[in-house]
Structure formats: structure tokens, C-alpha cells
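# Geometric and topological summary
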Amino acid sequence: MKIDIPIQHIPDENLLKQRLSAVPDLQNFNITNNSISIDADKYPEEVVQAVAQILKDVGIKLSSATQNWPVMGMSCASCASSSEATLNNQVGVIQAQVNYASGKATVEYIPELIQPTNLKTALQSAGYDLLIEQEDVSQIKESEASTLKKKLLGALILSVPLFVIGMFFMHMPYANYIMWALATPMLFYFGRQFFIGAYKQFRHKSANMDTLVALSTGTAYVYSTIITLTQEHGHVYFEAAGIVIAFILLGKWLEERAKGNTSSAIKQLMGLQPKTLTIVAEDGTTSILPIQQVQKGQVILVKPGEQIPVDGEILSGESYVDESMITGEPVPVRKGKADSVYAGTLNQKGSFQFQATKVGSETLLARIIQTVENAQGSKAPVQKLVDKIASVFVPTVISIAVISLVFWGLMGNWSQGLNAFVTVLVIACPCALGLATPTAIMVGVGRGAQKGILIKDAESLELTQKMNALVLDKTGTITEGQPSVTRIQWIQEPSELWKDLLYSIEKRSEHPLADAICKHLEGRFLSNLEVENVSGQGIIGFWEGQRYRVGNPEWIKVELTDTQKAQFKSHLDLAQTVVFFADDTRVLAIIGIRDKIKSGSKAAIERLQKDGIEVYMLTGDNEATAKAVSYEMGIKEYKAQVLPELKGEFIKRLQSEGKVVGMVGDGINDSQALALADVSIAMGKGSDIAMEVAKMTIVSSDLQKIPEAIEVSKLTGRAIKQNLFWAFIYNVIGIPIAAGIFYPEFLLDPMWAGGAMAFSSISVVLNSLRLR
């Protein structure tokens, strides 16, 4: 089978060829500028996935798409495992993850190789369904919940007389016939979903929880029917079969309600965006528009008490805006002309007009919702083990049930054998195992989002609690990231040309300090000036044959006068960053720049150190400024004048010492270090590249959120361990008891086994909800 995988720029073709040559079952490959043609007759889907991983590893961007779709028809963790395997077995799917708790599949696929309709067909053939159309999932869920509730009420009504007769009046005339009449609609009307589900699984040579329920209740029903019709002496199990259905329906209803609460954070976020907004036309007239019709560039009016509909920039008016739903910060923020506002935040007393800059899926709120949804659908590393267990759980339980039946039969007690067979099938609970990790992840990620901490995946959430070393960038992380010029000291009374030259050079600079100098000068821009940026050092400007440089003192190696040396030292003593403006022979100006330290930085660092985390600071700033900031923050180890690639090397050094390293940054120059760190955290008010690379984003850019993120990680990790313990211990203890290990001292009735099974799933979900 020949398959073309579309790709973009190849940074290292030799490395790519070397890695591809090692892929098993890849018979041949051919690399062109925009695609890789592979030949794999055996396991083509696995080969595509292996090649895709290699492409990512060597830095090649795939032309892939990632989508979240609801999966219908799942009844337990085995269903999630089965549907996930089905999706991953499709050629063109790079990775698929199915989350039983959220009921969604997250699929990364190559559109040129496979389309969503193919994925839908594949899942339907396995007995499930994929909602790829823009269907109202919430409406479908509500309809299903309503149907489930009606079935539950009907089953409960019939279960009362069935229980009373089966427990206290089993010897009354026609008792068996009455129980038969009550149990029949309970199984085949109120409980028909289990038999339909089991039949679908049987057709596809698979098994899930529906199989266990249908086998157990169906066997009990058929056996009891035979006893009733033949009028032989023997115990009937009509009450057990019927009440098991009632208990499982009750468990399903409670489970669905509890699972709905695990995604409450997403529902709250989705409810933040208003349905309509007020547009201001050029002539000043206003009109109400649906949110879907708003376009970039339109002017929007926001009145007191209204939620801001899209992202934008204020044109006129001022107010205080409550951004707590986005940043987790409770104090309203003052907003005026040119300030940014975000969709979903709440305007308070004033009114203002703003221009829409981001709409629809581009808004910060939409990106947050997408990030949270993706994270809630991702799997923690421990889930891989649980998935393996879930995939063999149902067949194993059926085997144990059959062995119990045969064992007791050979012992001459077929009645106990049947009881054990039914009870083992009923008490086994793959749902508890399937819900243990994802429900905790969903609530943990949602809790983080409510605090203004965006977590990209379950792995980073799990790993954060293990972090014992944290590397901090200085500018924009410890400090405000909005440096301002304190003073410019010229060598002599400056000419307008010098000011214009400095302004024009810095206007073209890529360095964040350049903006501060430009704001301070507000000079005239010289358009025919040529510049050359020197990464990590400074910038060179060429004007009328003369070279001018703006940059750090170590790079500009020009002799200083005694006065300039004193000026330089005075800036350093005040923990200011110093920038020189020079020609080839002398320093023309010394510029002092101060970046204010954030109010919460010191408290956050102290808390991290108190919790046993080693804190380091890396900065491209000068030694004196770095020393002063690190001393003020109580950071023992720091490095100044660090180039971007050296930040990455520092991360690697700490990792080689066995540390779990976190990196916090906000700039493009931090992206390499963020990519290498075990736990990468971006500041929300930094660059988009840093946020793209990082696995966690602090929306408010407040360092105090990092200890909170660690706390969320610890609590989530603890909940996962508790859930898995109870899920495993329940099955490990419950199944042997059901099989009759304590017979005759203790015999478990299938009816109570059904109640215990329902309770096990609910207890796991409720334990996860404690995180809220």
C-alpha cells in the first residue's frame, strides 16, 4: 500500500532518513519537498503513526487536523477502549483518544488520507457512533437522560412488588407467575438497551458491560422461566434479575448526573459569552446583532453590567472589568482607551465602545474552552495501564463466572453455581475503572481553569506535583515585563539627529526593551536607515556611512569617560538595566531602564522554596541587575546575560541531575527552554509562541498561580490514586465473594451485587467531584 503524507519544511533530511529507516514494516519511502511517500503492506495504520511521530520529533509540521467529537453508544470503559482501538486502526489517524467520562473522542488525523465520515463509518461498524455533524449534543444528552429517567421510574415501580414477593411471599399461590409477569417488562422493555448493546458487541466479536448485564439477568430469567413452566422445585431469580436492572439503571442515572458535574467548568465558560451584542454604526446609530454575525473591525457598545462579547481594544469610555472568570483574579481591572478587553469578562459600572479584534474561535475565551476540552479529553500516563486492564476485564469476568458455575456444578450444587455465575457477572464493574482517572482529570483541569490556570494535557497535570526544580525567566515573569526608561544621560546636549537615530534604530529592534526607549523618546522615524539585529546583544544602525550601535555594555566595547563610569555604576546600584548608544569611537548616551517587580513574585517564590522546590533565575539582562533582583527575591542561584540556547542547556543540566524541571517564561526567547522542560509554564500576557509551546498557561501572568497549580496537581493525583484503589479493591474483593469463596457462611444475592456495582461507579465520580 502506497501512502502520501503531506509535510512542510524539512530541517534535517539526513536525520529524517536515518529515523525512517528504523521503522519496522516500512518497506520503502521517498522524500519530496511537500510529501513523504511510504510503502507499507503490513499494518499501514501503525506505520503512518510511527512516521508521524518521527516527523514531529525532527521538527517537521504535519498537515494534520485535530477534532473533538462525541462518541455515542458507550456504556463502560471497555467501550472507550474498543472505540479508541477502532479509530487508531484507521489509516490516516495519527492518534485517537476516547474518554469515557466526557463521552468524547479526540482525533488527530491527516485530511488527505481520511475524512471524518470514514471515522464515523468505522465506529458504526464497531457498534458505536461518532457525531461529526454540528448536532446539538446537549439536546441529544438531555433526551437520553429523560428517557433513562422514565425507564428508571418504571423499573423502580415494578421492583417494589417484585422485591416484596421475592423476599417475603415467595410461597404464596402463583408467586412465580406474578414475579415472571413483573420481571419480563423490567428486562425487555426498561432494560432492553443492555440486550441491544450486548447483541451489537456479539456481532462484532466483542464484549462490554452490556454483555455482563445481559448475560447475568438473561440467564437468571431463562432459568427461572424454565423452573416456573415445568413447575419443578427450585429457587427462581426473577426478583434478582429485575431488581439488578433497576439498580443498574439507578446507577447509570446517578453516574450521568455526577459526570455532568465534572464538566461544569466547561459549561460555565461556555455560558460566559452573550448571545447578542450592540453594534455602533459610523453615523452613531446602534443595532442589536447575534454574536455569530459580528466581524473584526466593528465597533461594539458595552453597557454597565453586560458581558463583553468578543476580544477587542477600547476606543472611548472607561470602566472597571471583572476578569476573574478568565484570570482567576478577584479584583476588577480598570480599563480605558487602547486597553484590551476579552470575551466573557463582565463590565461593571461604566460604559465604553471598543473595536472587535478577535471573534469566534479566535477569542481568548474560545481558546481557553478549546484548551480545557482538549485537556479533559487527554489521558494521564497511568491511564494506559487501566486501559489495558479494561480491554481484558469483561472477557476475564465472563471466564470467572463460567468457572464458578462449572465448579459448583461439579460439586453437586448447580443452584449455587447459577447464583455465583449471575452474581459474578453483576458485581463486576469495568465502569469504576474507566471513570477513576478521567473524572479526576476533568474536574482537576476545570478547577485549574476557574483559577486562571490553563492546563493543556493530563500528563503535565500529573507531572506538576513531582516538580522539584523551577527555572524562572526575569522579564515578564518575575517583573511586570513593561520596562520604562528612568533616564537617558547624553555625552553632551543631544542633537535632534542623535535622538532620531536612537528612536529609528530601536523602532526596528526585536528586543522588548526597545519599546520602552521609543515611548520615552517619541522621535522622528528615519525611513532610509538600515539596521542589523544581533541576537542577544543589540542592534546596529547604518546612516550616511556611519555605524551606530544600541545594546548591552559588554557588546559595545567602547571606552567610557570617568563621568560615564559613575553614571553606569549608579544605574546598576539601582538594579536598572543599562543600554548604551554609541558610534564606533564613543558612547553617545547611557540609558537606564527599570522593570518593576510584580507584587506577588516574592511571596510566590518563598512559598515554592518552602515546599522544597529549588528556584533558579535565568535572564539575558546584565549581571548587576540580575544580582539585585535575585537578592530581592531570595533566589540563591541565578545566571545573567544568558542567550536563548544556553537556557535550554541549563534545563538539560538540571535534568541530568535527576531533577523534574519546570520552566516559566513569556517570550519567544524562552520557547526552546519551555520545549525542553518537564513542566513548561507560559505567562498569559507573553508571546503566542511561548503559550503554544508550553503545557500550562497562567492567564493573569501572576507567579502566585504556580503554587496553586501544584496544589491542583497534587489533589488531582491523590484523587486518581484513591479512585483506582477503590475501583481495583472493589473488583478484587467483590468478584471472589460473588463466586462463593465464603460459602456457606456468606452468600451474596445477585440483587445486592447489582446495588454494589451501581454504587462503585458513583463513589468514584463523587470522590473526583470533591476536587471542586
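Residues numbered from 1 in each chain as written. Predicted model: local features only at pLDDT ≥ 70, side-chain atom pairs only at ≥ 80, totals over all residues. Heavy atoms only, no water.

## Notes on the overall build of the protein
As a reminder, the rule being used: Each helix is a run of H or I in the DSSP string that is no shorter than four residues. Each strand is a run of E no shorter than two, and both are numbered from the N terminus. Per-residue accessibility, obtained with a 1.4 Å probe over protein chains only, is compared with the maximum for each type, and a residue is labelled buried under 20%, exposed over 50%, and partly exposed between these values. Throughout, a contact is declared for two residues whenever any of their heavy atoms are within 4.5 Å. Positive charges come from Lys and Arg alone, negative charges from Asp and Glu alone, with His and the N- and C-terminal ends not counted. To locate a charge, take atom NZ for lysine, CZ for arginine, CG for aspartate or CD for glutamate.
Tallying secondary structure elements over the protein gives 27 helices and 29 strands in all. Counting over 772 residues, the protein shows a buried share of 53%. Long-range pairs, those at least 24 residues apart, make up 67% of the contacts in the protein with a sequence separation of at least 6. Across the protein, 70 positive and 78 negative side-chain charges occur, with their mean positions spaced 4 Å apart.

## With respect to empty space enclosed by the protein
Rolled over the atoms, a probe as big as a water molecule pinpoints where empty space is left. How we decide: Here the term cavity refers to a set of points on a 1 Å grid, laid over the protein atoms alone, in which a 1.4 Å probe fits but cannot get out; the term pocket refers to an open set having protein on both sides within 12 Å along at least five of seven lines, with lining residues being those that place an atom within 4 Å of a point. Grid points are joined across faces, edges and corners, and a volume is the space filled by probe spheres set on the points. Gly falls in the polar group here, along with every residue not listed as nonpolar (Ala, Val, Leu, Ile, Met, Phe, Trp, Tyr, Cys, Pro) or charged (Asp, Glu, Lys, Arg).
Counted according to the given criterion, the structure contains three cavities of 30 Å³ or more. If you add up the space inside the second largest cavity, you get close to 60 Å³. Elements with a contribution of two residues or more to the lining of the second largest cavity: α9 (238-262) and α27 (750-769). It is α9 that provides the largest number of residues to the lining of the second largest cavity, a total of four residues. Per-class residue counts for the lining of the second largest cavity are six nonpolar, two polar and two charged.

## A few points about the sheet that holds strand β12 (residues 319-322)
Convention followed: Paired strands are those between which DSSP finds at least two bridges.
Across the sheet, which stays open at both edges, the three strands sit in the order β13-β12-β15 with antiparallel pairing between neighbours. Either end of the sheet is taken by a strand with one partner, and the two such strands are β13 (333-335) and β15 (346-347). Both β12 and β13 contribute to a ladder of three bridges, which runs antiparallel. In the strand pairing of β13, Val321 is matched with Val333.

## Observations regarding the nonpolar core
Applicable threshold: Residue types Ala, Val, Leu, Ile, Met, Phe, Trp, Tyr and Cys, when buried and joined through side-chain atoms within 4.5 Å, form a set referred to as a nonpolar core.
Among the nonpolar cores identified, the biggest contains 141 residues, and Val107, Leu472, Ile478, Leu703 and Ile706 are the most heavily contacted of them. Ranked by residue count, the leading element in this core is helix α26 (residues 705-739), at 13 residues. Not counting chain neighbours up to four residues away, the residues in contact with Leu703 comprise Leu472, Thr477, Ile478, Ser601, Ala604, Ile605, Val664 and Met683. Membership of the second largest hydrophobic core comes to 25 residues, among which are Trp490, Leu501, Ala516 and Ile591.

## Re the sheet that holds strand β6 (residues 104-109)
Across the sheet, four strands lie side by side as β5-β6-β4-β7; this open sheet has antiparallel pairing. Of all strands in the sheet, those bounded by a partner on one side alone are β5 (93-99) and β7 (129-130). Pairing of strand β4 (residues 65-72) with β7 involves two bridges; the strand directions are antiparallel. By the bridge assignment for β7, Met72 is matched with Asp129.

## What about the pairing of β5?
Counting buried positions along β5 yields six of seven residues, so the element is predominantly enclosed. Pairing of β5 with β6 involves six bridges; the strand directions are antiparallel. Looking at the pairing, Val98 lines up with Ala105 of β6. Hairpin connection from β5 to β6: four residues lie between these consecutive antiparallel strands, with Gly103 at a positive phi of about 70 degrees.

## Here we look at helix α22 (residues 623-633)
An α-helix turns once per 3.6 residues; consequently, residues spaced three or four apart project the same way. Applicable threshold: Taken from the helix axis, the directions to the C-beta atoms give the arc we talk about.
For α22, the complete set of buried residues consists of Thr625, Ala626, Val629, Ser630 and Met633. In a view along the axis of α22, the buried residues occupy a sector of 125 degrees, so they form one face of it. Summarising the geometry of α22, the exposed residues directed more than 90 degrees from the buried face are Lys627 and Tyr631. Residue Gly634 follows α22 closely and has a positive phi angle near 80 degrees.

## Considering the pairing of strand β23 (residues 577-582)
β23 sits mainly inside the fold: six of its six residues count as buried. Burial of the side chains of β23 extends over both faces: Thr577, Val579 and Phe581 are buried on one face and Val578, Phe580 and Ala582 on the other. Bridging between strand β22 (residues 546-551) and β23 involves three bridges; their strand directions are antiparallel. Residue Arg549 lies in a different strand from β23, and its bridge partner there is Ala582. In the sheet, β23 pairs with strand β24 (residues 587-594) via six bridges, with the strands oriented antiparallel.

## Things to note about the domain arrangement of the protein
The criterion, for reference: Start and end points for every domain follow an automatic or database-based domain assignment. Note on definitions: buried area is the accessible-area loss of two parts on being combined, 1.4 Å probe, summed for both. We count a salt bridge whenever a side-chain nitrogen from Lys or Arg sits within 4 Å of a carboxyl oxygen from Asp or Glu.
Segmenting the protein into domains produces domain 1 (2-58), domain 2 (65-135), domain 3 (295-358), domain 4 (452-479 + 598-710) and domain 5 (482-597). With 17 residues of domain 4 at the contact, the number on the domain 5 side is twelve residues. Of the roughly 1100 Å² buried between domain 4 and domain 5, counting both surfaces, carbon and sulfur atoms make up 57%. Viewed at the interface, domain 5 and domain 4 are joined by zero salt bridges. Looking at the side of domain 4 that touches domain 5, the elements with two or more residues in it are α17 (474-478) and α22. Residue composition of the side of domain 4 that touches domain 5, grouped by class: six nonpolar, eight polar and three charged.

## Focus on the packing of helix α14 (residues 414-427) against α26
Helix-helix packing is characterised by the crossing angle of the two axes and by the distance between the axes. Applied cut-off: Geometry is summarised by axes, namely lines fitted to C-alpha atoms with helices restricted to the contacting stretch, and by angles between N-to-C directions that run from 0 to 180 degrees. Should an angle lie under 35 degrees it is considered roughly parallel, over 145 roughly antiparallel, and from 65 to 115 roughly perpendicular; all remaining angles are considered oblique. It is the rotation of the near helix from the far one that decides the hand of a crossing: anticlockwise by less than a right angle makes it left-handed, clockwise makes it right-handed.
Where α14 contacts α26, the two axes come as close as 7 Å, and the packing angle between them is 165 degrees. Considered as vectors, α14 and α26 are oriented roughly antiparallel to each other. Here α14 runs over α26; the crossing is right-handed. Along the contact surface, α14 presents Gln416, Ala420, Thr423, Val424 and Ile427, while α26 presents Tyr730, Asn731, Gly734, Ile735, Ala738 and Ala739. Residues belonging to the contact of α14 with α26 are distributed by class as follows: seven nonpolar, four polar and no charged.

## Re the UniProt feature "transmembrane region" (unreviewed entry) in the protein
Where we set the bar: UniProt positions are given in the numbering used here, feature names are shortened, and annotations may be inferred rather than shown by experiment.
Following the UniProt record, the feature "transmembrane region" (unreviewed entry) maps to residues 152-171, 177-199, 211-230, 236-254, 389-408, 420-446, 724-744 and 750-769 here. In residues 211-230, the share of helix is 100% and the share of strand is 0%. The end C-alpha atoms are 28 Å apart. As a span, residues 236-254 carries 89% helix and 0% strand, and end to end its C-alpha atoms are 29 Å apart.

## Describing the side chain of Ser768
In this structure, Ser768 sits in helix α27. Beyond its immediate chain neighbours, meaning those up to four positions away, Ser768 contacts Ala436, Thr439, Ala440, Val443 and Asn723.

## Some thoughts on the environment of Glu711
Relative to the elements of secondary structure, Glu711 occurs in helix α26. It is 7.4 Å that separates the C-alpha atoms of Glu711 and Gln465, two residues lying 246 residues apart in sequence.

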